[in-house]
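Listed below are the residues making up each chain.
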Amino acid sequence: MLSNFVMPDLIPAAPELFLTIMACVILLVDLFAGSIRRLLTGPLTLVALFGCALMTWQGFGDPTPLTFSGMFIHDGVADFLKLFVYLAVFMALVYGRGYLADRGLDKGEYYLLVLFATLGMMVMISANSFLTMYLGLEMLSLSLYALVAIDRDSTRATEAAMKYFVLGALASGLLLYGMSMIYGATGTLEISLVAQALQAGVASKTVLIFGLAFLVAGIAFKLGVVPFHMWVPDVYHGAPTAITLFIASAPKLAAFAMALRLLVSGLYGLAEQWQMMLMLMAVLSIGLGNLAAIAQRNIKRMLAYSGISHMGFMLLALMSGSVGGEADLMRALDAYSAAMYYIVAYVIMSLGAFGTVLLLSRAGYEAENLEDFKGLNERSPWFALMMMIFMLSMAGIPFFVGFFAKFSVLLAAVAAGQIAVVVIAVIFSLIGAFYYLRVIKLMYFDAPTDSAPILASMDMKILLSANGLAVALLGPFSDVLIRACRLALLS
Amino acid sequence: MNYPILSLAIWVPIIGALPLLALGSERRDLVRWLALAVAIAGFLVTLPLYLEFDRGTAAMQFIEQAPWIERFNIHYFLGVDGISVLFILLNSFITVLVVIAGWQIINEKVAQYMAAFLIMSGLMNGIFSSLDAVLFYVFFEASLIPMYIIIGVWGGPSRVYAAFKFFLYTLLGSLLMLVALIYLFIQADGSFNLLYWHQLRLEMTPQILIFVAFFAAFAVKVPMWPVHTWLPDAHVEAPTGGSVVLAAIMLKLGAYGFVRFSLPILPDASHFLAPMMIALSLIAVVYIGFVALVQADMKKLIAYSSISHMGFVTLGFFIFNQIGIEGALVQMISHGFISAAMFLCVGVMYDRMHSRQIADYGGVVNRMPKFAAFFMLFAMANSGLPATSGFVGEFMVILGAIKFNFWVGFCAAITLILGAAYTLWMYKRVVFGAVANDHVAELTDICWREFLVLALLAVAVLAMGVYPFPFTDIMHASVDNLLQHVAMSKL
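Residues numbered from 1 in each chain as written. Chains lettered and ligands numbered in written order. Predicted model: local features only at pLDDT ≥ 70, side-chain atom pairs only at ≥ 80, totals over all residues. Heavy atoms only, no water.

Draft legend 1. Structural context of the overall build of chain A. If you tally the helices and strands in chain A, you get 20 helices and two strands. Relative to the globule expectation of 23 Å for 491 residues, the C-alpha radius of gyration of chain A, 22 Å, shows essentially globular dimensions. Considered along the principal axes of its C-alpha atoms, chain A spans approximately 70 × 60 × 40 Å. Residues counted as buried form 63% of the 491 residues belonging to chain A. Sequence-distant contacts in chain A: of pairs separated by 6 or more residues, those separated by 24 or more amount to 81%. When the accessible area of chain A is evaluated, it comes to approximately 17400 Å², of which 70% is carbon and sulfur surface. Looking at charge distribution, chain A has the averaged site of its 26 positive side-chain charges lying 6 Å from that of its 28 negative ones. (Helix = DSSP H or I, 4+ residues; strand = E, 2+ residues; numbered from the N terminus. Rg over C-alpha atoms; globule rule 2.2 N^0.38 Å. Buried < 20%, exposed > 50% of the residue type's maximum accessible area, 1.4 Å probe, protein only. Contact = heavy atoms within 4.5 Å. Areas by Shrake-Rupley, 256 points an atom, 1.4 Å probe, with all protein chains shown as cover. Lys, Arg positive; Asp, Glu negative; His and termini not counted. Charge placed at Lys NZ, Arg CZ, Asp CG, Glu CD.)

Right, here's the structure in full:
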């Protein structure tokens, strides 16, 4: 029976394997270490992430990209996105520590779930088969459902988790259904073989498009774009802020990888169809996200809607690959690197914005209403400046990374001849500027109502400052990041 | 000149503002002196621009070019010609005055106030010296941030409304411009070089559409009728220093944009749409003049007078003759001095009386003779009295307009009557007559600091009025070149 079993090459998947082992170690430590486990689990998690980063860094440009019979791919995109996933998870852990400790939530389960979610994201990023993709997605999603409900006595969090779970299960079902359709039409689950089958043109177009629609729905749900966005504000609002921070950052990178792998690597032959769908979703997301964000009084909800509009912008680049006419390879590359740049920039900004929300929260007090930002400039000029940088960057005002990200997306879209869509997007981002400016108004123009000093651990303060400076400096020095995105895609 | 003068002009104030922010608001006097030192240093570094300027050529001078974001072929490309060089000097000069003028009035958050003005000064120098479209846009948009803060933090009772209106109005225009810039980038085969764009061939339809997009950005900034409504609000609510910079420099950005972008890049569209531009300019000159006549608030009156005077500038540009364009440029510089002086005069009275209503004053001359003398001079200059700078520009534009079409010149000349009417009538009601009430009776004359600021401006206004040659001489070659350029069709 075992005679035809070939041992797969494990090297390309080394970070994933290492993380699995570390997760198990942490599980055991948490179980048996007794009273010192508090001191061990956190640092061990960071060690695990750091080890993964080291391995991924070492593995850059590995000559054997495929392993596990072609189900797992290890390429530039994967390494690039994974490094940012580690970074985002690391920052989420540091930002969230104080908040969770104040509420007694920094238990072993938290670290474990975060690690498993990270593993899920890594698997998604490296998936070269529908099956691997689905496995990674489920691993991520199940961990996230549990994380949202980690504060089990909170009714709001439980409700959010239920909502997330029910809708998420539905979306997974849609995705799986779409995959099965495409499998039926092409006879393969491997993404690169699907692409080949499409090129050969033997598969039935009707079935393929039918499957594509479900696939896109599944992806849209994970990205949280209109009309599959309903869960986003409720989950962001209901989850403890530290968890919201986590959900709003790294998983976006994984969802982006999913879109890139399934649509671009796999179903490029159907580009004409999915580009139309993406365009529609992009315009709707930018519009609805920006309009609804204005009406929010809760900053977590506001950032949720703002996230929806940002995902719309990212889709704008993703659909600009080759709309209409001949597929121009260089232009497609530009468009996809713009999308990747945008998503990375968004994750960095989003971490900072939620990080500031966490900074203002303290034991027994959630700083989640816009009013809590009143007069921040008088309480702490430095962090008011940081928040201003995050807000302006999200609004796409120059000198910050958000502007250059938006710029490269618009450039890609105009190059694809989508000027009408671009004008619409630009007008909605003007509307969006209003609610970002409102936060600045509250911080700078209004007098503080709350004079409690801002207590936060030194590591959080340093990291948040570094985050702010990164958003400020990655703008003028964005060439590095843009090139990295491009290089990653080229490989 | 072996050192980067333009870079110094941009970065000396901006970098000089950072230690101010670090000092915080505790040591106010130290902050004030340091701000003054930075402002003076910022002015001194611009002097070589005038002294070493080669008047014989229309080519760009003091060029600095370095790749910035290579991925999009964006360069850090600076240079000035006879058109832009004077504005850099004007801007750096006005910044010194603003710092002195805010010396005693501003007692809250002094460091942030001074830093905002210094940063804005550097950014605006950047706008006037950028020869790369994206660099221009980045400075153009970034200069909104300090102004938004200045109006919102140190402004009057409805500062929040004014700050939002200012920001969103200007942002709408500049976002549309961004789309046009990206379109031009693609038309120019991937170049953001403005000098190259000046040579770029374009069809009529794109020219008109791009013109409209540029118009949205620049007309709002000028501001031209009917998109001027943000200006009275912004002026009334802004602190004195904010009004001064707004009127003296920020309004010039729009007019400068027309000369640097619209005219040379889109000559055919400019000719085609010139009747519309002339009509809008005349409406601004005549109609807004009447509006100014009925104002009860001094700052509002001067704000409307600014709109009316800027109408002259746009009129001068779109009649396409040498004397018209030179007149318009002279008018821009002169208006920079006069409007700054007028707002400072109102500021002097407001600091003492806390009212801007004309009706609250009367007989100020009895209590403040020195001030009344200065105010008289500036009021005369504002109404275009010969031997003041106000006369030179208006006269040249009227001459040019009569050359172009008698009736256009005739309408433009109405301003001489209207300008005198609204300015001098206000002056009469405020300054002359018997002492109107107890508050006026308690007024004290200007202190040496106020005297210094007003005297510097008075010297500038008179010098330019009596001997304008140094100003026109420096711009002659560049205007000549511009006209040749505009006369050549690009179809």
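Draft legend 2. Main features of the pairing of strand S2 (residues 74-80) of chain B. All names here are of chain B. Counting buried positions over the seven residues of S2 gives six, a clear majority of the element. For strand S1 (residues 61-69) and S2, the ladder comprises six bridges, and the chain directions are antiparallel. By the bridge assignment for S2, Pro 67 is matched with His 75. Between S1 and S2, which pair antiparallel and follow one another directly, the connecting turn spans four residues, one of which, Asn 73, has a positive phi of 60°. (Pairing = 2+ DSSP bridges.)

Draft legend 3. Representation of the side chain of Asn 467 of chain A. All names here are of chain A. Residue position: Asn 467 is located in helix H19 (residues 458-473). Taking relative accessible area as the criterion, Asn 467 reaches 3% and is therefore assigned buried. At 2.9 Å, the side chain of Asn 467 and the side chain of Tyr 95 are in polar contact. Not counting residues up to four positions away in its chain, the partners in contact with Asn 467 are Met 91, Tyr 95, Ile 348, Leu 351, Gly 352 and Phe 390. (Polar contact = N/O pair within 3.5 Å; in protein donor to acceptor, adjacent residues only side chain to side chain.)

Draft legend 4. Quick peek at the pattern of salt bridges. All names here are of chain A. Taken as a whole and assessed by the stated rule, the structure comprises 17 salt bridges over all chains. Residue Glu 371 is joined to Arg 297 by a salt bridge in which the shortest nitrogen-to-oxygen separation is 2.7 Å. Taken together, the residues span a long stretch of sequence, with Glu 371 in the loop between helix H14 (329-360) and helix H15 (376-379) and Arg 297 in the loop between helix H12 (271-294) and helix H13 (299-318) at a distance of 74 residues. Among the residues examined, Glu 371 registers a relative accessible area of 32% and is labelled partly exposed. (Salt bridge = Lys/Arg side-chain N within 4 Å of Asp/Glu carboxyl O.)

Draft legend 5. Up close: the packing of helix H3 (residues 85-101) of chain B against helix H4 (residues 110-129) of chain B. Residues and elements named next belong to chain B. The interhelical angle for the contact between H3 and H4, taken along N-to-C directions, is 175°, at an axis separation of 9 Å. For the element pair H3 / H4, the angle class is roughly antiparallel. Contact residues: Phe 87, Ile 88, Asn 91, Ser 92, Thr 95, Val 98 and Val 99 in H3; Met 114, Phe 117, Leu 118, Ser 121, Met 124, Asn 125, Phe 128 and Ser 129 in H4. Each residue belonging to the contact of H3 with H4 can be placed in one class, and the counts come to nine nonpolar, six polar and no charged. (Axes fitted to C-alpha atoms, helices over the stretch in contact; angles between N-to-C directions. Parallel < 35°, antiparallel > 145°, perpendicular 65-115°, else oblique. Nonpolar A, V, L, I, M, F, W, Y, C, P; charged D, E, K, R; others polar.)

Draft legend 6. Broad picture of the environment of Ala 269 of chain B. Residues and elements named next belong to chain B. By the secondary structure assignment, Ala 269 is in helix H12 (residues 267-293). For Ala 269, a relative accessible area of 0% corresponds to the buried category. Expressed as a C-alpha distance, the spacing of Ala 269 and Glu 203, which sit 66 residues apart in the sequence, is 9.5 Å. Leave out the neighbours within four places in its chain, and Ala 269 touches Met 204, Gln 207, Ile 208 and Phe 211.

Draft legend 7. Here's a closer look at the domain arrangement of chain A. Residue and element names in this part refer to chain A. Considered domain by domain, chain A is made up of domain 1 (9-162 + 214-258) and domain 2 (271-491). Centre-to-centre separation of domain 1 and domain 2, based on C-alpha positions: 22 Å. Residue-level contacts link 43 residues of domain 1 with 51 residues of domain 2. Buried surface at the junction of domain 1 and domain 2, summed over both partners, amounts to about 3800 Å²; 76% is from carbon and sulfur atoms. Where domain 1 touches domain 2, the interface holds three salt bridges. Notably, a salt bridge pairs Arg 97 with Asp 459, separated by 3.4 Å at the nearest N-O pair. Summed over the shared surface of domain 1 and domain 2, the result is 11 residue pairs in polar contact (both at pLDDT 80 or more). Broken down by secondary-structure element, the contributors of at least two residues to the side of domain 1 that touches domain 2 are helix H3 (76-102), helix H8 (205-223), helix H9 (231-238), helix H10 (241-247) and helix H11 (250-266). It is H3 that provides the largest number of residues to the side of domain 1 that touches domain 2, a total of 15 residues. (Domains from an automatic or database assignment. Buried area = accessible area lost by both parts, 1.4 Å probe.)

Draft legend 8. Layout of the side chain of Asp 445 of chain B. All names here are of chain B. If you trace the backbone, Asp 445 turns up in the loop between helix H19 (438-441) and helix H20 (448-466). Buried within the structure, Asp 445 lacks any salt-bridge partner; Lys 370 is the closest side chain of opposite charge, at an N-O distance of 4.9 Å. Among the polar contacts made by the side chain of Asp 445, one reaches the main-chain amide nitrogen of Phe 371 at a distance of 3.3 Å. Other than its neighbours up to four places away in sequence, Asp 445 contacts Arg 352, Arg 367, Met 368, Pro 369, Lys 370 and Phe 371.

Draft legend 9. How the structure looks around the packing of H3 of chain B against H20 of chain B. Residues and elements named next belong to chain B. Look at H3 against H20: their axes get within 9 Å of each other, and the N-to-C directions meet at 160°. In this view, H3 runs roughly antiparallel relative to H20, as classed from their interaxial angle. The two elements H3 and H20 cross, and the hand of that crossing is left-handed. Residues Phe 93, Leu 97, Ile 100 and Ala 101 of H3 form the contact with H20, whose participating residues are Arg 449, Leu 452, Val 453, Leu 456 and Leu 457. (Left-handed = near helix turned anticlockwise from the far one by under 90°.)

Draft legend 10. Here's a closer look at the packing of aromatic side chains. The full count for this structure, using the stated rule, is 58 aromatic pairs over all chains. Their ring planes at 65° and their centres at 5.1 Å tell us that Tyr 110 of chain A and Tyr 111 of chain A sit as a pair that is edge-to-face. We note that Tyr 110 of chain A, like Tyr 111 of chain A, is buried. When the ring of Phe 258 of chain B is compared with that of Phe 318 of chain B, the centres are 5.8 Å apart and the planes differ by 85°; the resulting orientation is edge-to-face. Of this pair, Phe 258 of chain B sits in helix H11 (residues 240-265) while Phe 318 of chain B sits in the loop between helix H13 (298-317) and helix H14 (322-353), and the two are 60 residues apart along the sequence. (Phe/Tyr/Trp six-rings, centres within 6.5 Å; stacked < 30°, edge-to-face > 60°.)

Draft legend 11. Highlighting the interface of chain B and chain A. The partner chain A presents 41 residues to the 37 residues of chain B that form the contact. Roughly 3500 Å² is buried in total at the junction of chain B and chain A, and carbon and sulfur atoms are behind 83% of that figure. At the boundary of chain B with chain A, the tally comes to one salt bridge. Across the pair Glu 378 of chain A and Lys 109 of chain B runs a salt bridge, and its minimum N-O distance is 3.3 Å. If you look at where chain B meets chain A, you find four residue pairs in polar contact (both at pLDDT 80 or more). Elements that contribute at least two residues to the side of chain B that touches chain A include exactly S1, H4, helix H5 (133-142), helix H6 (144-154) and helix H7 (159-187) of chain B. Residue contributions to the side of chain B that touches chain A peak at 16 residues, all from H7 of chain B.

Draft legend 12. Here's a closer look at the nonpolar core. Counting 404 residues, the largest nonpolar core has Trp 274 of chain A together with Phe 317 and Phe 378 of chain B as its most contacted members. Of the residues forming this core, the biggest block, 23 residues, is contributed by H14 of chain A. Both domains that meet at this core, namely domain 1 (9-162 + 214-258) and domain 2 (271-491) of chain A, each give it at least three residues. With residues near it in sequence (within four places) discarded, Trp 274 of chain A still touches Leu 212, Val 216, Leu 263, Val 264, Leu 267, Tyr 268, Leu 318 and Tyr 336 of chain A. (Core = buried A, V, L, I, M, F, W, Y, C linked by side-chain atoms within 4.5 Å.)

Draft legend 13. Helix H4 (residues 108-125) of chain A, seen in detail. Between the first and last C-alpha of H4 of chain A there are 26 Å, a value that for 18 residues agrees with the 26 Å anticipated at 1.5 Å per step. Burial of H4 of chain A is extensive: 16 of the 18 residues sit out of reach of the surface. (Expected span 1.5 Å × (residues − 1).)

Draft legend 14. Layout of the state of the cysteines. Tallied over the full model, the rule gives zero disulfides over all chains. In this model Cys 24 of chain A remains outside any disulfide bridge; the closest cysteine sulfur is found in Cys 52 of chain A, 13 Å from its own. Residue Cys 24 of chain A is classed as partly exposed on the basis of its relative accessible area of 38%. Lacking any disulfide linkage, Cys 345 of chain B is separated from the closest cysteine sulfur, that of Cys 447 of chain B, by 13 Å. (Disulfide = S-S within 2.5 Å.)

Draft legend 15. Region of interest: the environment of Leu 288 of chain A. All names here are of chain A. Tracing the backbone through its elements, the reader meets Leu 288 in helix H12. Under the relative-accessibility criterion, Leu 288 is labelled partly exposed at 35%. Between the alpha carbons of Leu 288 and Ala 88 there is a distance of 27 Å; along the sequence they are 200 residues apart.

Draft legend 16. Quick look at the environment of Ala 146 of chain A. Residues and elements named next belong to chain A. Structurally, Ala 146 can be placed in helix H5 (residues 130-148). On the basis of relative accessible area, Ala 146 is assigned to the partly exposed category, the value being 34%. Considered as a pair, Ala 146 and Met 387 are 241 residues apart in the sequence and their alpha carbons are 30 Å apart.

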